[in-house]
Amino acid sequence: MNMKEAVTSALVKKYATIEGRASRSEFWWFTLFLVLGGILFDVLDAVLGWQFGEPDIFGNRPGVLNLLFNLAVLVPIVCVTARRLHDVNRSGWWMLIPLTVIGIIPYFYWTVKKPEDNEEGRENKWGTNPLLDED
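Residues numbered from 1 in each chain as written. Predicted model: local features only at pLDDT ≥ 70, side-chain atom pairs only at ≥ 80, totals over all residues. Heavy atoms only, no water.

> What exactly am I supposed to notice about the overall build of the chain here?
Helix and strand counts for the chain stand at 5 helices and 2 strands. Reading the chain from its N end, one meets helices and strands in the order α-α-α-α-β-β-α. Seen through its principal axes, the chain has C-alpha atoms that stretch 55 × 35 × 20 Å. A burial count over the chain gives 30% of its 135 residues as buried. When contacts within the chain are restricted to residue pairs at least 6 apart in sequence, those whose partners lie at least 24 apart make up 62%. In the form shown here, the chain has an accessible surface area of approximately 8,600 Å², with 66% of it arising from carbon and sulfur atoms. With 13 positive and 16 negative side-chain charges, the chain shows a separation of 2 Å between the mean positions of the two kinds. (Helix = DSSP H or I, 4+ residues; strand = E, 2+ residues; numbered from the N terminus. Buried < 20%, exposed > 50% of the residue type's maximum accessible area, 1.4 Å probe, protein only. Contact = heavy atoms within 4.5 Å. Areas by Shrake-Rupley, 256 points an atom, 1.4 Å probe, with all protein chains shown as cover. Lys, Arg positive; Asp, Glu negative; His and termini not counted. Charge placed at Lys NZ, Arg CZ, Asp CG, Glu CD.)

As structure tokens, this is what we get:
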């Protein structure tokens, strides 16, 4: 899966779909899209003077475009993260583990981990391996 397919899948085909599984490539390409989009909208907000509020600890002020972008991708990132955790045979609720701070370590491990396959090598309780489903 390339970046265009991952972004299309997360934003169009499976915008609010938690069921199923997401491959590592889908999750990480979409994450890269979010980072690049955040940087782009931060720069646009600064150039256009659309920043507001007090600076954070890094000296950055929130911007209108970046806020709108973050609101638009909130549902897809939660859904693609849940599907990614399903791919490694974890419940989507495990995405809350980074809130414990030490939980960042297993969370990161699960997002980069190759899925564990059963005897057939294609299914777990959340569905079939997404890489085997690609046409």
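> I tried to follow the pattern of salt bridges on my own but got confused; where do I start?
Side-chain pairing between opposite charges can occur once the charged atoms of the two side chains come close. In this structure the tally under the stated criterion is 3 salt bridges. Between Asp 87 and Arg 21 there is a salt bridge, with the nearest N and O atoms lying 2.8 Å from each other. In this pair, Asp 87 is assigned in helix H3 (residues 64-87) and Arg 21 in the loop between helix H1 (3-13) and helix H2 (24-48), connecting sequence segments 66 residues apart. Assigned by exposure class, Asp 87 and Arg 21 land together as buried. (Salt bridge = Lys/Arg side-chain N within 4 Å of Asp/Glu carboxyl O.)

Nothing here speaks to function; it is all geometry.
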